[in-house]
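# Analysis of the macromolecular model
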2 protein chains.
Amino acid sequence: MSSSVMRTQAHHIVPGMDIPESRIIQGDCIAEMEKLPAGSVDLVFADPPYNLQLQGTLHRPDHSLVDAVDDEWDQFASFDAYDNFTRAWLLAARRVMKPNASLWVIGSYHNIFRVGAILQDLGFWILNDVVWRKNNPMPNFRGRRFTNAHETMIWAARSAEAKYTFNYEAMKAGNEDLQLRSDWLLPICTGGERLKGKDGRKVHPTQKPEALIARVLMASSKRGDVVLDPFSGSGTTAAVSKRFGRSCVAIERDLEYAAASRDRLAGVETLPDEALAELPAKREAPRVAFSTVIERGLIAPGAVLTDSKRRVEASVRADGTVAFGRAIGSIHKMGALAQEAEACNGWTYWHVETAKGLAPIDSFRAVIREEMAGLSA
Amino acid sequence: MSSSVMRTQAHHIVPGMDIPESRIIQGDCIAEMEKLPAGSVDLVFADPPYNLQLQGTLHRPDHSLVDAVDDEWDQFASFDAYDNFTRAWLLAARRVMKPNASLWVIGSYHNIFRVGAILQDLGFWILNDVVWRKNNPMPNFRGRRFTNAHETMIWAARSAEAKYTFNYEAMKAGNEDLQLRSDWLLPICTGGERLKGKDGRKVHPTQKPEALIARVLMASSKRGDVVLDPFSGSGTTAAVSKRFGRSCVAIERDLEYAAASRDRLAGVETLPDEALAELPAKREAPRVAFSTVIERGLIAPGAVLTDSKRRVEASVRADGTVAFGRAIGSIHKMGALAQEAEACNGWTYWHVETAKGLAPIDSFRAVIREEMAGLSA
DNA sequence: GCGGCGGATGAATCTCACT
DNA sequence: CAGTGAGATTCATCCGCCG
């Protein structure tokens, strides 16, 4: 028997033995949860309908149609109807949770505030809100808002008194403390991981990435724990639970989704002990906006920019743009204009006068990069 | 008068003139907002009390202390009291907002879900939830949760129909020519920016960084706009508003905070005009008819138009229409027809051959726009 | 085999002035 | 106030094809 098995705590199930098979239940989540025994679940992960309230169609600038989430299951008559639905499933989930269980819910600004308020009303105790930052979100095609680049997860214990599971040491080890923050950077689910039907089209419109669920399970559950997912969808929670030695009860109303998840689950192997700890955190070179240099006071609005030979001048504006003659635009666009070039790296082209002489504005970016180092994971 | 001034829309205030002095009002925010004229505010930034459960000092709108009985703490009643308080100040703020005004609220998981749900119930229309990621958050000492490394801001229009202000192009130009995302990385307020009392201790426990407010104002307000802050605290919103040529009405209940913010505000200088002039959005640029381009001789009648790949051809007619095969119509309609698309921007779709190669007809429009700008200067 | 290029796509509350 | 039409609008990533 390996040493890692010896480290397993006494109340936990011995690896490879006695962990109940993960299963997909096809049916309405509230009715099915009511059939489960009270106090039988260690962790809940829920990805409920977001109630997006979309109207009309949206096209990309290249005229292609955005394949929106307009499914029947995401339609609610009113906020009130959505609230009633939310209260009902949260109450049903609460009943089957063990006293020390905790619950995760993921959502967007369309629904997450309602979910969070109702959670609190029902006596759940919020432990964190965790932000999933997408490094490849869909852009805002019409330029009317900020790119919706994140979703919010609420992590809550069944009550304020719950002795919930948080694998602090395990999470900290090997990850340089980075993943302990409440903001997580992860890509959306694409490529080979995305379930496709025989027609080659995505099976489910909102399949979550396995890495996201994996981090949730590794942080807030133990091996052999029973995980409940009331809105199983494409079965990601069940698949990740099985891979990481948890036992999942996944409920899904849609016949097609349920069938696809059973196929998916059958293809998943539980990982060997040694592999369970690693959760690679992707790093990237932090991008710095010129407006940040101004916001941080490193260059003042109104400051004069010049090229390295002091041949041309431009002036810095409060919003992070630059004025060159009558033209206004980014440091790059204005640098290109000043040189009558197609393109230009404004960071190295533009300089400011300092006590030590002319300095490229890139030197100020370096200051901010230094501070940002390590935060991108 | 500079061309940038001419581009400023009529309802905007002439730079350097007529921007009402920013002011700090000492008093209860609901009572003071009720004294302000309805529909008089362009933007609201609100940083309401966060965590009432821990502080235990919840006041009703009438200043009475909410009864927090030690041995029989009623959690539900406390949420209810906070909700009533939230509804009251949001309603008062909504009354003083112009129809096209928008509102920002910042909070943490303790209160933001309740605020967001009530916002929606009152008819506000959420535009984004924006995450302020702190690069230097307070660590979680007990190791029982993820480090709370962010706060959440909700940006909402007064109604779904509001034509809110969003300086999309300026924001994009200041951000490496990329759309600004919903997650912002900024340091917390420390060092010289942090207001200190005579005893050297911080004046206010939750002073927000000026960079955060600056980005909010630059993204969602115009010069001369009236900004309202019902929970002014250390006066950051007022200070940043004044610096960036906005007029702030700041309300603060606490005498000491109000006094400190007045001192702070007196030391703030408004930035010079050239740093504040707005980047005109393309949608606000003067309209140019295609027939004008022909009349001015920039493109001759009978000239051949083609797309950027030279796949299709059309011909220019003297009246400003375009012939594509047997069809005749506007540059936009014929561009759509050529692509079999629903719609098309003919200015960027159609090109003509020039000595320097293929040029979009938009470049000829730019010539005329440039002349028009010069004429008004 | 590899690199470049074109096409596809992801939980989306996504226009606005003028008649 | 509803209808109409000009015209403005995308980032990261993956996959497949072609040279």
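Anything mentioned here points back to the structure above.
Below or above, wherever it landed, is the structure these notes cover.

What counts, and at which threshold
Residues numbered from 1 in each chain as written. Chains lettered and ligands numbered in written order. Predicted model: local features only at pLDDT ≥ 70, side-chain atom pairs only at ≥ 80, totals over all residues. Heavy atoms only, no water. Buried < 20%, exposed > 50% of the residue type's maximum accessible area, 1.4 Å probe, protein only. Helix = DSSP H or I, 4+ residues; strand = E, 2+ residues; numbered from the N terminus. Pairing = 2+ DSSP bridges. Right-handed = clockwise from strand over helix to strand, strands pointing away. Near = heavy atom within 4 Å. Polar contact = N/O pair within 3.5 Å; in protein donor to acceptor, adjacent residues only side chain to side chain. Nonpolar A, V, L, I, M, F, W, Y, C, P; charged D, E, K, R; others polar. Axes fitted to C-alpha atoms, helices over the stretch in contact; angles between N-to-C directions. Contact = heavy atoms within 4.5 Å. Phe/Tyr/Trp six-rings, centres within 6.5 Å; stacked < 30°, edge-to-face > 60°. Core = buried A, V, L, I, M, F, W, Y, C linked by side-chain atoms within 4.5 Å.

## Comments concerning the pairing of strand β8 (residues 247-252) of chain B
Residue and element names in this part refer to chain B.
- When you tally the buried positions in β8, you get six out of six residues, the bulk of the element.
- Burial along β8 is two-sided: S247, V249 and I251 facing one way and C248, A250 and E252 facing the other are all buried.
- Pairing geometry for strand β7 (residues 226-229) and β8, over four bridges, is parallel. When the sheet's bridge partners are listed, V226 is paired in β8 with S247.
- Taking the sense of rotation as the criterion, the β-α-β connection linking β7, helix α8 (residues 236-243) and β8 turns out right-handed.

## Concerning the protein's contact with DNA strand D
- Within the structure, DNA strand D sits among 30 residues, and B:Y168, B:E169, B:K172, B:H332 and B:R365 are positioned closest to it.
- Here the atoms of DNA strand D within 4 Å of the protein split so that 62% fall in sugar or phosphate, with bases taking the remainder.
- A distance of 3.5 Å separates a base oxygen of DNA strand D from a polar atom in the backbone of A:P137.
- Within the contact set of DNA strand D, a phosphate oxygen lies 2.4 Å away from a side-chain nitrogen or oxygen of B:K172.
- Taken together, the elements giving at least two residues each to the surface near DNA strand D come down to α6 (168-173) and α12 (331-339) of chain B.
- Counted by class, the surface near DNA strand D contains ten nonpolar, nine polar and eleven charged residues.

## Quick word on the side chain of A:E151
Residue and element names in this part refer to chain A.
- By the element assignment, E151 lies in strand β5 (residues 150-157).
- Relative accessible area serves as the criterion here: at 10%, E151 is assigned to the buried category.
- One polar contact links E151 to Y50, side chain to side chain, over a distance of 2.5 Å.

## Things to note about the sheet that holds strand β3 (residues 97-107) of chain B
Residues and elements named next belong to chain B.
- Judged by pairing direction, the sheet is mixed, and its eight strands sit side by side in the order β1-β8-β7-β2-β3-β5-β4-β6 without closing on themselves. Across the chains shown, the open sheet's two edge strands, defined by having one partner strand only, are β1 (23-26) and β6 (183-186). Ignoring which end each strand starts from, the neighbouring axes of this sheet average 20° apart.
- With six bridges joining them, β3 and strand β5 (residues 150-157) adopt antiparallel strand pairing. Looking at the pairing, L103 lines up with A156 of β5.
- In this fold helix α9 (residues 255-266) packs onto β1 and β8, with an angle of close to 170° to the strand it touches most, β1.

## Description of the packing of aromatic side chains
- The tally for this structure, following the rule as stated, stands at 33 aromatic pairs over all chains.
- With 5.4 Å between their ring centres and 70° between their planes, A:W184 and B:F146 make a pair best called edge-to-face. Taken together, the positions of A:W184 in strand β6 (residues 183-186) and B:F146 in the loop between β4 (125-134) and β5 put the pair across two chains. One exposure class covers both A:W184 and B:F146, and it is buried.
- Seen from their ring centres, B:W155 and B:Y164 are 5.5 Å apart, and the 85° between their planes marks the pair as edge-to-face.

## Some details on α8(B)
Residue and element names in this part refer to chain B.
- For α8, the tally of buried residues reaches seven of eight residues, placing the bulk of the element in the interior.
- For α8, the full list of buried residues reads T236, T237, A238, A239, V240, S241 and K242.
- On its buried face, α8 sits against β1, β2 (41-46), α7 (210-220), β7, β8 and α9.
- Of the residues trailing α8, G245 is marked for its positive phi of about 75°.

## What about the protein's contact with DNA strand C?
All names here are of chain A.
- Neighbouring residues of DNA strand C: 38 residues in total, closest Q53, Y109, M138, R142 and K202.
- Within 4 Å of the protein, the contacting atoms of DNA strand C are 45% sugar and phosphate, with bases supplying the remainder.
- Between R60 and DNA strand C, the recorded distance is 2.5 Å, taken from a side-chain N or O atom to a base nitrogen.

## Brief notes about the nonpolar core
- Judged by nonpolar contacts, the single largest core of 69 residues is most densely connected at A:W89, A:L103, A:L228, B:W89, B:L103 and B:L228.
- Counting 36 residues, the second-largest nonpolar core is a separate cluster that includes A:F45, A:I106, A:A162 and A:V216.

## Considering the environment of B:R246
Residue and element names in this part refer to chain B.
- Assignment of secondary structure puts R246 in the loop between α8 and β8.
- By relative accessible area, R246 is classed as buried at 3%.
- Spatially, the C-alpha atom of R246 lies 9.0 Å from that of T270, the residues being 24 residues apart in sequence.
- For R246, the contacting residues outside a window of four places in its chain are I19, S22, L217, M218, S221, K222, R223, G224, D225, V227, S241 and E278.

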